[in-house]
Amino acid sequence: MSAAAATAPLRLGLVGSPNSGKTTLFNALTGLRAKVGNYPGVTVERREGSANFEGRPTVVIDLPGAYSLTPVSPDEEVVIRVLDGELSDAPEALAVIADACTLERSLLMLAQILRREIPTCLVLTMTDELQARSGRLDIPRLERALGVPVLGVVGHRGIGIARLRRLLAKPEDWSRPHLMPPEEIHARAGWVESILDHVFTRRPESSRTSDAVDRIVLHPVIGPLLFAAVMVAFFQLIFAWAQPAMDFIDAGVSRLGHSVHAQLPAGLFADFLADGLIPGVGSVIIFLPQIVLLFTLLYLLEDIGYMARAAFVIDRVMARVGLEGRAFVSLLSSYACAVPGIMATRTIPSPRHRLATILVAPLMTCSARLPVYALLIGAFVPAVRVAGPLGLQGLVLLALYAAGSLTALLVASVLTRTLLREDTMPFYMELPPYRLPTAKLLAAQVWGSAWAFLRRAGTIILAVSIVLWCLLTFPRQPAPVGASPAEASRHAIEHSLAGRAGHAIEPLIEPLGFDWKIGIGLIASLAAREVIVSTLAQIYAASDQGTSLRAAVQNDIDPRTGEKVFDAPTVASLLVFFVFALQCMSTLAIMRRETNSWRWPAFAFSYLLVLAYGASFATHRIVESLLG
Amino acid sequence: MALPTESHTPAVEDDGGVPLSSLAPGRSATVLGVDSSTPEGRRLLELGFLPETTIRVVRRAPLGDPIAFYLRGAQICLRRSEAALIRVLAADAGPEA
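Cut-off values and rules
Residues numbered from 1 in each chain as written. Chains lettered and ligands numbered in written order. Predicted model: local features only at pLDDT ≥ 70, side-chain atom pairs only at ≥ 80, totals over all residues. Heavy atoms only, no water. Helix = DSSP H or I, 4+ residues; strand = E, 2+ residues; numbered from the N terminus. Buried < 20%, exposed > 50% of the residue type's maximum accessible area, 1.4 Å probe, protein only. Contact = heavy atoms within 4.5 Å. Areas by Shrake-Rupley, 256 points an atom, 1.4 Å probe, with all protein chains shown as cover. pLDDT = per-residue confidence, 0-100. Buried area = accessible area lost by both parts, 1.4 Å probe. Salt bridge = Lys/Arg side-chain N within 4 Å of Asp/Glu carboxyl O. Polar contact = N/O pair within 3.5 Å; in protein donor to acceptor, adjacent residues only side chain to side chain. Nonpolar A, V, L, I, M, F, W, Y, C, P; charged D, E, K, R; others polar. Pairing = 2+ DSSP bridges. Patch = residues over 30% accessible without salt bridge, like charges linked within 9 Å, V, L, I, M, F, W, Y side chains within 5 Å. Phe/Tyr/Trp six-rings, centres within 6.5 Å; stacked < 30°, edge-to-face > 60°. Lys NZ or Arg CZ within 6 Å of the ring centre and 35° of its normal. Core = buried A, V, L, I, M, F, W, Y, C linked by side-chain atoms within 4.5 Å.

**Thoughts on the overall build of chain A**
In step 1: Secondary structure assignment for chain A yields 28 helices and twelve strands.
In step 2: Seen through its principal axes, chain A has C-alpha atoms that stretch 90 × 60 × 40 Å.
In step 3: Within chain A, buried positions represent 52% of all 628 residues.
In step 4: Intrachain contacts of chain A at a sequence separation of at least 6 include 73% that bridge at least 24 residues.
In step 5: Counting only carbon and sulfur atoms, one obtains 63% of the accessible surface of chain A, whose full area is about 26700 Å².

What follows is the structure, given as structure tokens:
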């Protein structure tokens, strides 16, 4: 080895199929020092970590999961391009990670890798499981048959990791295959079969424990019931457990803002700090409780092995609208918030299914719409009983949820039949054996997701919220003499850039029944939907966002017509607008991150705006004519 | 495009083969061939649905689709339409769904 190679860190690639235990090994080898990013031009996640094997600095590259080097999925294409050195410096050595129980399948890919003539070793994971399933494998024989080093490990218990580190320190000493495996698929299968015959004294049986659990979990009657129970619990936990934390963050942010106003002399800097920067940071970290909770539950179910079963149960339903089973969890999570929901689409291997799921996720009624619905329904829908315990207010809320969800399914089915039709991925999903989750892996996975959100979407959200604050603040106008603080605040917002924009778009939104005040609210709600409530409170110079604001909107009279601004057609139209419109920069930011381009967020924003406008216009007209 | 695998997908009357999708849960079968004229078919080959592979139908999803199979040490589910691309020889006589 040259002197340069001895100082530059060795680049070691980990290759393996999904569920092979590759991520567990990656974490065991690198600790939590993974750098997560995207490969240029593709949405596949890039993970690298630094490690030190016997004093030798090494960069460990966790290549995306692949079943084969004949590229079909975007993940597999990335694996090949990395091996070719197209996306980053090519790895100088490869460790192929294979589940000992599914060695048959892994050898098909190993044959392709050996043909590339890079120093390669084979790491067999889950050797304990192989024993439990009465499989008997002769590892030294396998080593001789393949001609490359083979090592058995139990990743989650750390067994064999020290030996693996010693092996990985010296790839130049690894033996090479004496004979090149064949390339053609049938010949390759023959090669695999002859090796398997030679090395297995007993092939593993299917896992008895898993089979027994599956007989209950996938039972024709119990299966769907259990699925429903798990999903309801999942949804409830996200709502019930995240809400207190979110309220706590919310209260903390506003307390901090108040104390800045109290401590600092009044002026632009205090305003920026208290009303721009602090709420901006707050609007980023407010997502963390949901993201951490959602991903803890998601990865827990995934690591146990239930996620694939859930997708198996519900796939038939999702297939009707052109999606697949794994999209269900994403869409369900989007009822809490589209941001973690969209992040959860990463488990969907088909790019077409994934994109369709991302594009319809914002239609699921997220929790940020609730304050808007609460204000409008509370102020304008009479609290009367309709039938038994069912109240009219509750029914309207239910209708809004249903409208969003049904539209999501409808749009998904249109998208997958038109724009997103091309795809060569069959639905292929492994039902892995049930496994006990490990806290370490779970923590690493959850931390990875939260950090990715903060770094990649958080920065965009913060920047946009500061820009919006500027639009709502500048140019600054001196308040009229003798104005109360509420009136001064109203005056400031009305003469700001956003206020002028609200006036400017009035002709555009008039057909929907909206005036300039709602216009300003809509512009401000681009930051987050619920911001329209606080903005309206500011415009109406209301002393609070509850009863006082409700009374103000109920009694607001249009000076030109002498009629109420919020009449029935306008309220209905505004509610419908919020069902459809994508007024959420955080969702746009996370879409940008997950699709790696502004194209898809721009598309989603536009189609949902057109949908919202059309539906609001129609609603306004229909309600108007119904009321005569 | 030349199809090197054509010899593995002979006509129905020759080999007694049936589509994998037609087997009831519990049945075992040996793969005769996969229709590799489509990308899906070629993909199924790469995923291990190769001639002479032994496959067991484990179960159908509660709504009838997809179907779970056991092969090569792993449990894999495919949709019925994909399983229909795989021609198999049933291991024993029995009812077909």
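**Regarding the confidence of the model for chain B**
Residues and elements named next belong to chain B.
In step 1: Averaged over every residue, the pLDDT of chain B is 81; residues scoring 70 or more account for 80%.
In step 2: Under a pLDDT of 50 for its full length, residues 1-12 has, in the predicted model, 17 contacts with residues more than four places off or in other chains.
In step 3: Interface scoring of the predicted complex returns ipTM 0.83; its pTM is 0.81.

**Some remarks on the interface of chain B and chain A**
In step 1: Between chain B and chain A, the residue contacts involve 32 residues of the former and 42 residues of the latter.
In step 2: Interface area for chain B against chain A, summed over the two sides, is near 3300 Å², with a carbon-plus-sulfur share of 62%.
In step 3: If you sort the residues of chain B by the area they bury against chain A, B:Arg43, B:Glu46 and B:Arg72 come out on top, with a joint share of 22%.
In step 4: We note a salt bridge from A:Arg188 to B:Glu46, for which the minimum N-O separation is 3.2 Å.
In step 5: Summed over the shared surface of chain B and chain A, the result is 13 residue pairs in polar contact (both at pLDDT 80 or more).
In step 6: Elements supplying a minimum of two residues to the side of chain B that touches chain A: helix 2 (39-46), strand 3 (54-60), strand 4 (67-71) and strand 5 (74-78) of chain B.
In step 7: Grouping the amino acids of the side of chain B that touches chain A by side-chain chemistry returns 17 nonpolar, five polar and ten charged.
In step 8: As paired strands, strand 12 (residues 428-430) of chain A and strand 5 of chain B are joined by three bridges and run antiparallel to one another. Along strand 5 of chain B, the bridge assignment pairs A:Glu430 with B:Ile76.

**Observations concerning the confidence of the model for chain A**
In step 1: Looking at chain A as a whole, its pLDDT mean stands at 86, while 95% of the residues score no less than 70.
In step 2: When the elements of chain A are averaged for pLDDT, helix 1 (residues 3-7) of chain A gives the smallest value, 53, and strand 6 (residues 120-125) of chain A the largest, 96.

**Comments concerning a nonpolar patch on the surface**
All names here are of chain A.
In step 1: The grouping of Ile216, Val221, Ile222, Leu225 and Leu226 at the surface amounts to a nonpolar patch, some 450 Å² of accessible area in total.
In step 2: At three residues, the largest contribution of residues to the nonpolar patch is made by helix 10 (residues 222-263).
In step 3: Take Val221: it is sitting in the loop between helix 9 (208-217) and helix 10.
In step 4: Given the relative accessible area of 52%, Val221 is considered exposed.

**Notes on the packing of aromatic side chains**
In step 1: Overall, the coordinates contain eleven aromatic pairs over all chains when judged by the stated rule.
In step 2: Judged by centre distance (5.0 Å) and plane angle (75°), the ring pair of A:Tyr67 and A:Tyr428 falls under edge-to-face. Taken together, the residues span a long stretch of sequence, with A:Tyr67 in the loop between strand 4 (56-62) and helix 3 (74-83) and A:Tyr428 in strand 12 at a distance of 361 residues. Taken individually, A:Tyr67 and A:Tyr428 each receive the classification buried, so the pair is uniform in this respect.
In step 3: Taken together, the ring pairs in this structure connect A:Phe272, A:Trp469 and A:Phe474 into an aromatic cluster.
In step 4: Looking at A:Arg309, its charged tip hangs above the ring of A:Tyr434, at a distance of 4.1 Å from the centre.
In step 5: Lying across the ring of A:Phe427, B:Arg79 places its NZ or CZ 4.9 Å from the centre.

**Quick look at the nonpolar core**
In step 1: By size, the foremost hydrophobic cluster in this structure holds 125 residues, and its most contacted members are A:Phe234, A:Phe453 and A:Phe566.
In step 2: Once you skip the residues sitting within four places of it in the chain, A:Phe234 turns out to touch A:Leu294, A:Leu297, A:Leu298, A:Leu301, A:Val329, A:Leu332 and A:Ser333.

**A short note on unusual backbone geometry**
In step 1: A cis geometry characterises the amide bond from A:Phe474 onward to A:Pro475, with omega recorded as -10°.
In step 2: With respect to the helices and strands, the residue A:Pro475 is situated in the loop between helix 19 (439-473) and helix 20 (485-494).
In step 3: In this chain, B:Asp65 is followed by B:Pro66 through a cis amide linkage whose omega measures -5°.
In step 4: Relative to the assigned elements, B:Pro66 resides in the loop between strand 3 and strand 4.
In step 5: The phi torsion at A:Asn596 lies on the positive side, around 65°, for a residue other than glycine.
In step 6: Mapped onto the elements of the fold, A:Asn596 is located in the loop between helix 27 (585-595) and helix 28 (599-626).
In step 7: For A:Asn596, a relative accessible area of 22% puts it in the partly exposed group.

**Considerations on the pairing of strand 4 of chain A**
All names here are of chain A.
In step 1: Among the seven residues in strand 4, six count as buried, and that is most of the element.
In step 2: In this sheet, strand 4 lies alongside strand 3 (residues 45-53) in antiparallel orientation, the contact comprising seven bridges. Its bridge partner being in strand 4, Ala51 is matched across the sheet by Thr58.
In step 3: What sits between the antiparallel neighbours strand 3 and strand 4 is a turn of two residues, in which Glu54 has the positive phi angle 55°.

**Looking at the pattern of salt bridges**
Residues and elements named next belong to chain A.
In step 1: In total, this model carries 27 salt bridges over all chains according to the counting rule given.
In step 2: The salt bridge involving Arg133 is made with Glu129; its shortest N-O contact spans 3.6 Å. Both residues of the pair, Arg133 and Glu129, belong to the buried class.

**As for the environment of A:Arg309**
Residue and element names in this part refer to chain A.
In step 1: Structurally, Arg309 can be placed in helix 13 (residues 306-319).
In step 2: In this structure, the C-alpha to C-alpha distance between Arg309 and Pro340, residues 31 residues apart in sequence, is 21 Å.
In step 3: Apart from the residues lying within four places of it in its own chain, the contact partners of Arg309 are Asp214, Val217, Leu218, Leu431, Pro432 and Tyr434.
In step 4: A polar contact is formed between the side chain of Arg309 and the side chain of Tyr434, at a distance of 3.2 Å.

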